[in-house]
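Now for the letters of each chain:
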Amino acid sequence: MIKVAIMGYGTVGSGVYEVIKTNQKSIDKKVGQELRIKYVLDLREFPGDPVMEVLTHDFEEILNDEEVKIVAEVMGGLHPAYEFTKRCLEAGKSVCTSNKELVAEHGAELIQIAKEHQVNYLFEASVGGGIPIIRPLNSSLTADVILEISGILNGTTNYMLTKMDREGLDYIDVLKEAQHKGYAELHPEADVEGWDACRKIAILTSLASGSQVDYRDIYTEGITKITTRDFAYAKKMNRAIKLLAISRKVGDTYCVMVSPALIHREHPLYMVNDVFNAVFVEGNMLGTSMFYGSGAGKLPTASAVAGDIVDAARHLGKIITLFWEPEKLELAPMEQMTRRFFVRMKEGAEPEAYFGDGERIDARVPGEFGFITPVMSEAEYAAKAAGAEIISMLRVEG
């Protein structure tokens, strides 16, 4: 029998408990022996909840119990999650997590500690919720050189942009609705400013490159400046506005950024709406493939954590190799990335004088018009746009 502990009994933690209890027979069969939850760590009490039978308030009880071989860290945040995870690994316990903040900050270090103690640090749920992407990158696609990873990696912002597109609602109104439905936090900056997607693309790029990518080095722009007028132009161009995280191989490194972008209806990511997420991967031999599903939510995320627990249970005493070393990868400057740009300008402006030949877009918006530039680098655009009176800009993908 393999004993498991769950640290945190919030949305994801309670989901992990539910998944293991509900699918007990199937999980035991896949593990090859019984897998049972011995502890659930939380500071709170849960009167009437069956979890009370295994609830503990003392982390040391889990740490010092030699029967516990696998720990699910679903506390969130950096502290005390980092300290607890590190001590569990050093004590010879594998750790499975959904904590993207911790993985992005300390992933390489924790993987190294796990190796040194013949255990595993697994984090499938940290990027796509219920979408399997970590394991394919780390195993199925290891024969390929990853040329590009691009994706819609945040369910909250995708839901908000979908509502703005379909119903013509303003950003503030959609945010309030998302908060009311529980899709957005009271303080939603991590989602709407793009920080959540930034950490996730940093994790994926770390796995693609095999080196540590610091998310602080990634240019990140959120959706807070998107307006109903932007969507009027998007519809005129048969495009959708999505918050995209993009990582493209440049020489021996990658160029990475997060920002809103206009996607044509022929692009696979165009139809990814509401709280769903998708990751688009291009390999030099595979070509392109896409991973799609529920990017967040209690049970999809919990299912991914439980899947890692099963994997850890099947590999007790064996290391699951993760190609992610502590050496930092110096990213290529964002200014090198090339694309077209969509700019809104006041009526009477002459965009051709700044950007050269392009395409004017008339969406019948009073007092202004749109313009799509030729393909140019981010650096070229910034230089050309410096003297122009631009209302707003969106990047154009595909």
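Starting from 1, residues in each chain are numbered consecutively following that chain's sequence as written. Thresholds applied to this predicted model are a pLDDT of at least 70 for local features of residues and 80 or more for the giving and counting of side-chain atom pairs; totals over whole chains, interfaces and linings are not thresholded and use all residues. Only heavy atoms go into the side-chain values, all of them from the structure, while hydrogens and water stay out.

Asker: Before we move on, can you summarise the overall build of the protein with the specific residues and values?
Answerer: Secondary structure summary: the protein contains 15 helices and 19 strands in total. For a compact globule of 398 residues, the expected C-alpha radius of gyration is about 21 Å, and the protein comes in at 23 Å, within 12% of that figure. C-alpha atoms of the protein, sized along the principal axes, occupy 75 × 45 × 35 Å. Scored against the burial criterion, the 398 residues of the protein give a buried share of 55%. A contact between two residues is defined here by any heavy atoms of the two lying within 4.5 Å. At a minimum sequence separation of 6, the contacts of the protein that also span at least 24 residues come to 72%. Counted charges follow a simple rule, with Lys and Arg positive, Asp and Glu negative, and His plus the chain ends left uncounted. Each charge is placed at NZ for Lys, CZ for Arg, CG for Asp and CD for Glu. Put simply, the protein has 43 plus and 58 minus side-chain charges, and the middle of one group is 5 Å from the middle of the other. Runs of E in the DSSP output that reach at least two residues are strands. Runs of H or I that reach at least four are helices, and both are numbered from the N terminus. Each radius of gyration reported is based on C-alpha atoms, and the globular scaling rule is 2.2 Å times the count of residues to the power 0.38. Between buried and exposed lies partly exposed: a residue is buried under 20% and exposed over 50% of the maximum accessible area for its type, with that area taken using a 1.4 Å probe on protein chains only.

Asker: Help me get a handle on the pattern of salt bridges, residues and values and all.
Answerer: Pairing between side chains of opposite charge can happen when the charged atoms of each approach one another. A side-chain nitrogen of Lys or Arg and a carboxyl oxygen of Asp or Glu constitute a salt bridge if their distance falls within 4 Å. Counted according to the given criterion, the structure contains 34 salt bridges. Among the ionic pairs, R216 bridges to E105, the shortest N-O distance being 2.6 Å. Placement of R216 in the loop between β8 (211-212) and β9 (219-220) and of E105 in helix α5 (residues 100-116) is noted, with a sequence separation of 111 residues between them. A salt bridge links E177 to K181; the shortest N-O distance between them is 3.6 Å. Take E177: its relative accessible area is 22%, and that puts it in the partly exposed class. The exposure class of K181 is partly exposed, given its relative accessible area of 47%. In the salt-bridge network here, residues are joined through shared partners; they are E148, E221, R248, R339, E378, R395 and E397.

Asker: Run through the environment of Y381, naming residues and quoting values.
Answerer: Looking at where Y381 falls in the secondary structure, it is placed in helix α15 (residues 378-385). Relative accessible area serves as the criterion here: at 8%, Y381 is assigned to the buried category. With 72 residues separating them in the primary sequence, Y381 and I309 have C-alpha atoms 47 Å apart. Not counting residues within four places of it along the chain, the set of residues in contact with Y381 comprises F341, V343, F355, M376, I390 and M393.

Asker: Explain the sheet that holds strand β1 (residues 2-7) to me, using residue names and the numbers behind them.
Answerer: We call two strands paired when DSSP finds no fewer than two bridges between them. Sheet architecture is open: 6 strands sit in the order β3-β2-β1-β4-β5-β6, paired in parallel fashion. The strands lining the two open edges of the sheet, one partner per strand, are β3 (55-56) and β6 (121-122). Sheet topology note: the β1/strand β2 (residues 35-41) ladder contains 6 bridges and is parallel. Its bridge partner being in β2, I6 is matched across the sheet by V40. Every axis in this analysis is a line fitted to C-alpha atoms, fitted for helices over the stretch in contact. Angles between the N-to-C directions lie between 0 and 180 degrees. Against the sheet, helix α2 (residues 24-31) makes contact with β1 and β2, and its axis sits at roughly 115° relative to β2, the strand it touches most.

Asker: Could you give me a rundown of helix α9 (residues 171-180), with the residues and numbers involved?
Answerer: Because an α-helix packs 3.6 residues into every turn, residues spaced three or four apart end up facing the same way. Inspection of α9 places Y171, V174, L175 and A178 among the buried residues, and these make up the whole buried set. End-on, the buried residues of α9 take up no more than an arc of 100°, which puts them together on one face. Counted as exposed and oriented over 90 degrees from the buried face of α9: K176 and H180. The inward-facing, buried residues of α9 contact α8 (155-167) and α10 (189-192). Positive phi appears at G182, one or two residues downstream of α9, with a value of about 85°. An arc is given here, and it is the one of the directions from the helix axis to the C-beta atoms.

Asker: Can you tell me about the nonpolar core, naming the residues and giving the values?
Answerer: Only buried residues count toward a nonpolar core, which is a set of Ala, Val, Leu, Ile, Met, Phe, Trp, Tyr and Cys residues joined through side-chain atoms within 4.5 Å. With 83 residues, the main nonpolar core has Y121, F123 and L204 as its most contacted residues. In terms of residues, this core owes the most to one element, α5, which gives 8 residues. Residues in contact with L204, not counting those within four places in the same chain, are V127, I133, I134, L137, I149, L153 and V279. In this structure, I27, L55, A72 and A304 belong to the second largest nonpolar core, which totals 33 residues.

Asker: Just give me the short version of the environment of L122, but keep the residues and values in it.
Answerer: By the element assignment, L122 lies in strand β6. Spatially, the C-alpha atoms of L122 and F371 are 46 Å apart, while their sequence positions differ by 249 residues. Residues within four places of L122 in sequence aside, it is in contact with V95, C96, T97, D308, D311, A312 and I320.

Asker: Hey, could you go over α5 for me, with residue numbers and the actual values?
Answerer: For α5, built from 17 residues, the straight-helix expectation of 24 Å at 1.5 Å per residue is met to within 8% by its first-to-last C-alpha distance of 22 Å. Taken residue by residue, α5 has L102, V103, A104, H106, G107, A108, L110, I111, I113 and A114 as its buried positions. Directly beyond the C-terminal end of α5, a positive phi value near 55° is found at Q118. Expected helix span is taken as 1.5 Å per residue step, with the number of steps being one fewer than the number of residues.

Asker: How would you explain the packing of aromatic side chains if you had to name every residue and give the values?
Answerer: Ring geometry is summarised as follows: Phe, Tyr and Trp rings, the Trp one being its six-membered ring, pair when their centres sit within 6.5 Å, and such pairs are stacked at plane angles under 30 degrees, edge-to-face over 60 and tilted between the two. For the coordinates displayed, the defined rule picks out 11 aromatic pairs. When the ring of Y121 is compared with that of F123, the centres are 5.8 Å apart and the planes differ by 45°; the resulting orientation is tilted. Note on accessibility: Y121 and F123 belong to one class, buried. Their ring planes at 55° and their centres at 5.2 Å tell us that Y233 and F342 sit as a pair that is tilted. Within this pair, whereas Y233 is found in helix α12 (residues 228-236), its partner F342 is found in strand β15 (residues 338-346), the two being separated by 109 residues in sequence. Exposure remark for Y233: the relative accessible area of 0% places this residue in the buried category. Chaining the aromatic ring pairs together yields one cluster made of F341, F355, F371 and Y381. Here, a charge over a ring is recorded when the distance from Lys NZ or Arg CZ to the ring centre is within 6 Å and its angle to the ring normal is within 35 degrees. The positively charged end of R199 is found above the aromatic ring belonging to Y215, 4.8 Å away from the centroid.

What is shown is where atoms sit, not what they do.
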